[in-house]
Amino acid sequence: PSHDMSSMDRPTLHQAIESVRAQTHPNIEILVVNALGGTHSALGEAAPDGLRLRLINQDGPSLQRSDAVNAGLDAVQGRFFAFLDDDDSIDPDHLSTLLAVARAQPPNTVVYAGVRSRDINTPTGTELSVFMESWEEGKLLAGNFIPIHAPLVPTHLLTFGARFDPQLQIYEDWDFWLQLRSHANFLLSERITATYSINGNSGAHPLIVNEDLVRQATLILYRKWANRMGEQALWELSRLYHVRYRDWK
């Protein structure tokens, strides 16, 4: 698999890279996209055991988040790829767990892990919550419940043209999942194998809500998708509401 990282050359990058180096699955390529621009600091010694590391956009221009991720997507060479922000991390068995599930499923399956969140501003990295919601039709239309580094994506799905949208400053990952949804099945792995850093700098987090920012991004996203969802999507949303309402009663 390829692991796509967008880096602003923060100190936490090396911890993120080390979490990929520690994977029990071999034959991994780490793609680090220099989003800051200019000369990115050294990434450390060459990785052992067949693990490859490539720095993209060295001495190039600064890149907005979506443009940086798209540069990484253009460089993916493996059969699967995953994302990792430079202040987050994955457990040593993250990729092996997702691959084991994916290989037992049809080839268009996107398998995603449960993700714990921790507050990096506390001395012990206090765990705050866990994102581990199973897939239901309609749920992704209502909101994003899949953290960016939770899924393992089959690379062949990129042939359908999925890209990160530069007009979205947040929710660009939600928009990307919506693009994949038309061509893929999503499946929860039932294990928590990744960590999301709260109070980091990599993007918006659902537990830290700037209501105006969220409202603006949500409206941009829904304007984009309003004419693409169709009647089936409206039915899925309505069905999801009624199923939940029935369960709550």
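Everything discussed here concerns the structure shown above.
Anyway, here's the lowdown on the structure attached to this text. (Residues numbered from 1 in each chain as written. Predicted model: local features only at pLDDT ≥ 70, side-chain atom pairs only at ≥ 80, totals over all residues. Heavy atoms only, no water.)

1. A look at empty space enclosed by the protein
Considering all chains together, one arrives at one cavity of 30 Å³ or more under this definition. Of the voids in this model, the largest cavity is the one considered here, and its volume is about 50 Å³. Along the walls of the largest cavity sit Asp4, Met5, Ser6, Arg65, Val69, Phe83, Leu84, Asp85 and Ile148, which together make up its complete lining. Counting residues per element, the ones that place at least two in the lining of the largest cavity are strand 1 (2–7) and helix 2 (65–75). At three residues, strand 1 tops the list of elements feeding residues into the lining of the largest cavity. Its residues assigned to classes, the lining of the largest cavity shows five nonpolar, one polar and three charged. (1 Å grid on protein atoms, 1.4 Å probe; cavity = no way out; pocket = protein on both sides within 12 Å on 5 of 7 lines; lining within 4 Å. Points joined across faces, edges and corners; volume = space filled by probe spheres on them. Helix = DSSP H or I, 4+ residues; strand = E, 2+ residues; numbered from the N terminus. Nonpolar A, V, L, I, M, F, W, Y, C, P; charged D, E, K, R; others polar.)

2. Thoughts on the pattern of salt bridges
Per the counting criterion, the structure on display carries 13 salt bridges. Ionic pairing is found between Lys139 and Glu133, a salt bridge with its closest N-O pair at 3.3 Å. Taking relative accessible area as the criterion, Lys139 reaches 8% and is therefore assigned buried. Note that Asp175 and Lys224 form a salt bridge whose closest N and O atoms lie 2.9 Å from each other. Of the two residues, Asp175 is situated in helix 5 (residues 172–181) and Lys224 in helix 6 (residues 211–248); the sequence distance between them amounts to 49 residues. Residue Asp175 shares its accessibility class with Lys224, and that shared class is buried. Shared partners join several salt bridges into a network, and the residues in it are Arg65, Asp85 and Glu172. (Salt bridge = Lys/Arg side-chain N within 4 Å of Asp/Glu carboxyl O. Buried < 20%, exposed > 50% of the residue type's maximum accessible area, 1.4 Å probe, protein only.)

3. Observations regarding helix 2
For helix 2, the set of buried residues is Ser66, Ala68, Val69, Asn70, Gly72, Leu73 and Ala75. Buried positions along helix 2 lie against strand 1, strand 2 (29–34), strand 3 (52–56), strand 4 (80–83) and helix 5. (Contact = heavy atoms within 4.5 Å.)

4. Observations regarding the environment of Pro107
With respect to the helices, strands and loops of the structure, Pro107 is situated in the loop between helix 3 (94–103) and strand 6 (109–119). With relative accessibility at 64%, the residue Pro107 sits in the exposed group. When the C-alpha positions of Pro107 and Pro154 are compared, they lie 7.3 Å apart, and in sequence the two are 47 residues distant.

5. Some details on the packing of aromatic side chains
In this structure the tally under the stated criterion is 12 aromatic pairs. The interplanar angle of 70° and the centroid separation of 6.3 Å between the aromatic rings of Tyr112 and Phe145 together place this pair among those described as edge-to-face. Within this pair, whereas Tyr112 is found in strand 6, its partner Phe145 is found in the loop between helix 4 (139–142) and strand 8 (151–154), the two being separated by 33 residues in sequence. The class of Tyr112 is buried, set by a relative accessible area of 2%. An aromatic cluster of at least three residues, connected via ring pairs, comprises Phe81, Phe83, Phe164, Phe176 and Trp177. A cation over a ring is seen here: Lys139 above Phe145, with NZ or CZ 5.0 Å from the ring centre. Taking NZ or CZ as reference, Arg228 lies 5.2 Å from the ring centre of Trp225, over its face. (Phe/Tyr/Trp six-rings, centres within 6.5 Å; stacked < 30°, edge-to-face > 60°. Lys NZ or Arg CZ within 6 Å of the ring centre and 35° of its normal.)

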